[in-house]
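# Structure assessment
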Amino acid sequence: MAAKGIKCVKGVRDIFPPEIDIWKFIENIWEETFSLYGFKEIRVPIFEYTNLFQRGIGESTDIVEKEMYTFTDKSGNSITLRPEGTASVVRAYVEHNLNKESPFNKFYYIGPMFRYERPQKGRYRQFYQIGVEVFDDNSPEIEVETLEMVNFALKKLGFSKYELNVNSIGCPECRPNFIKILKEKLNENKEKLCDDCKRRIDTNPLRVLDCKKESCKTVINEMPKITEYLCEDCKKHHLRLLKLLKGRKINYVENPLLVRGLDYYVRTTFEVVVENLGAQNAILGGGRYDGLVKELGGPDISGFGFALGLDRMVIALNENIKNSFQKNPDFYLAYFGENVIDYSFSILEKFREKGISVYTNFKGRSFKSHLRLANRLNSKFVILIGEDEVKNNKIIVKNMKEGTQREIKFDDLNSFLDEISKEN
Ligand code: AMP
């Protein structure tokens, strides 16, 4: 007997048709876009040794502190389901010495990520990201090209209302000074902050700037802006980025509070937000991570990338586009009678050989129940096959909407199917 009441784990989901077609549509557009911009796919494992994420993402980040799915395997190793993709891609780059042949590499990945977060609309414990990483190009130009690519794909996907936020969070040269000043100011206002932020003042003060609680926001708005504390090189980089963005007519908003949740970022950080997603309104985010390859044991090679949330992109996609996927095959084959199955199979095969999708059902149905099912599946046409059709080598095609029907000889089937292919 089947076990009763087994449900899917809290915060994770099943994705059914026709929604899955929306996912594929989005994936395809990104993949086509990546290929135009020279990105190649990389597939990395979905679990890694835990210390990769501890070192890569940072011990005092929310992800590492609270959100990782970590377990001990049967050999006693601490393993973690990946909470994001960059650390794994960098680990692969370093482990396989990809820099030896040519340090410059452009990769993309697609796959599930796992974070133990509080589930809500647009926030899941297993969610899907598409991400890109560029190694060995530390210029603002590559950042602009990548952001232009983001625009390119979002437009193709029919997004018109979105906002690109950009910031610079400096580098190990200039950030410590900013953090020192920020800490002082935050401590002066400690009592007004939430418990998490009180704790973050010591562990990760930059993250306070990211807090969404109203009470914290008032304090945060009074805090010094990181962009005013950049060293000369970071400032030059940032100003050049902004200039190039303007030159390419890429709309952006400067957001000095955009610090992002992962420790590895330096200089440029960015995020794309949309209106119709509620609290979880970020569909894409990324930045520069020049020290990460070295941190994970590789040479001093720069990195830049982003990840987008597929789940959120599906929710945010324009309803008209989504509705265009509510489609079942136009054709349903209804057969009835003795010795008609071989003939029916050969007709089904003919349709499929011509690339035309067709349904049937083999439960020994009557014509009537076939038609009922065809209606339920919203089929536009039903192919009728009975003993008479087999004997006379023909099929009948019934137009369900108009109620008309047409007889097609087996010998004429190819030209009939060509006609339909053209119409579709
Ligand atoms: P991050 O790796 O945190 O920079 O996130 C990149 C993108 O992944 C975000 O902009 C979201 O669109 C998406 N994302 C992050 N966490 C979740 C989650 N728990 N559920 C759904 N999407 C997420």
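Structural data are supplied above this passage.
Below: a short report on this structure. (Residues numbered from 1 in each chain as written. Predicted model: local features only at pLDDT ≥ 70, side-chain atom pairs only at ≥ 80, totals over all residues. Heavy atoms only, no water.)

## Thoughts on the sheet that holds strand E14 (residues 381-385)
- The mixed open sheet is built from five strands, whose spatial order is E13-E12-E14-E15-E16. Each edge of the open sheet is held by one strand with a lone partner, namely strand E13 (358-360) and strand E16 (405-409). Along the sheet, successive strands turn relative to each other by an average axial angle of 30 degrees, direction set aside.
- In terms of strand pairing, strand E12 (residues 331-335) meets E13 through three bridges, oriented parallel. Among the inter-strand pairings, Phe-331 is bridged to a residue of E13, identified as Val-358.
- Sitting on the sheet, helix H14 (residues 341-353) touches E12, E13, E14 and strand E15 (394-399), and the angle it makes with E12 is about 170 degrees.
- Here helix H15 (residues 367-376) sits on the sheet in contact with E12, E13 and E14, set at roughly 170 degrees to E12. (Pairing = 2+ DSSP bridges. Helix = DSSP H or I, 4+ residues; strand = E, 2+ residues; numbered from the N terminus. Axes fitted to C-alpha atoms, helices over the stretch in contact; angles between N-to-C directions. Contact = heavy atoms within 4.5 Å.)

## Regarding the sheet that holds strand E3 (residues 69-72)
- On the basis of which strands lie adjacent, the open sheet formed by three strands has the order E2-E4-E3 and antiparallel pairing. Only two strands of the sheet have a single neighbouring strand rather than two, namely strand E2 (47-49) and E3. For this sheet, the mean angle separating the axes of adjacent strands, direction not counted, is 30 degrees.
- Against the sheet, helix H2 (residues 50-57) contacts E2, E3 and strand E4 (78-81), and its axis sits at roughly 80 degrees relative to E2.

## Quick look at the nonpolar core
- Counting residues in each nonpolar core, the largest one holds 47 residues, and the members touching the most others are Val-90, Phe-135, Leu-193 and Leu-209.
- It is helix H4 (residues 86-95) that provides the largest number of residues to this core, a total of six residues.
- With residues up to four places along the chain from it excluded, the contact list for Leu-209 reads Phe-178, Leu-182, Ile-220, Met-223, Leu-257 and Val-259.
- Grouped together as the second largest cluster of nonpolar side chains are 43 residues, Ile-142, Leu-164, Val-274 and Phe-325 included. (Core = buried A, V, L, I, M, F, W, Y, C linked by side-chain atoms within 4.5 Å. Buried < 20%, exposed > 50% of the residue type's maximum accessible area, 1.4 Å probe, protein only.)

## Observations regarding the site of the ligand
- Surrounding the ligand, one finds 14 residues, the nearest of these being Arg-115, Glu-117, Tyr-124, Arg-260 and Ala-282.
- In this structure, a nitrogen atom belonging to the ligand sits 2.9 Å away from a main-chain N or O atom of Tyr-124.
- For the ligand, an oxygen atom lies 3.3 Å from a polar atom in the backbone of Leu-284.
- If the ligand stood free it would expose 480 Å²; the protein chains cover 92% of that surface.
- Of all the secondary structure elements, the ones that give two or more residues to the shell around the ligand are strand E6 (126-135), strand E10 (282-288) and strand E11 (303-309).
- Sorting elements by how many residues they give to the shell around the ligand places E10 first, with three residues.
- Grouping the constituent residues of the shell around the ligand by class yields six nonpolar, three polar and five charged. (Near = heavy atom within 4 Å. Polar contact = N/O pair within 3.5 Å; in protein donor to acceptor, adjacent residues only side chain to side chain. Areas by Shrake-Rupley, 256 points an atom, 1.4 Å probe, with all protein chains shown as cover. Nonpolar A, V, L, I, M, F, W, Y, C, P; charged D, E, K, R; others polar.)

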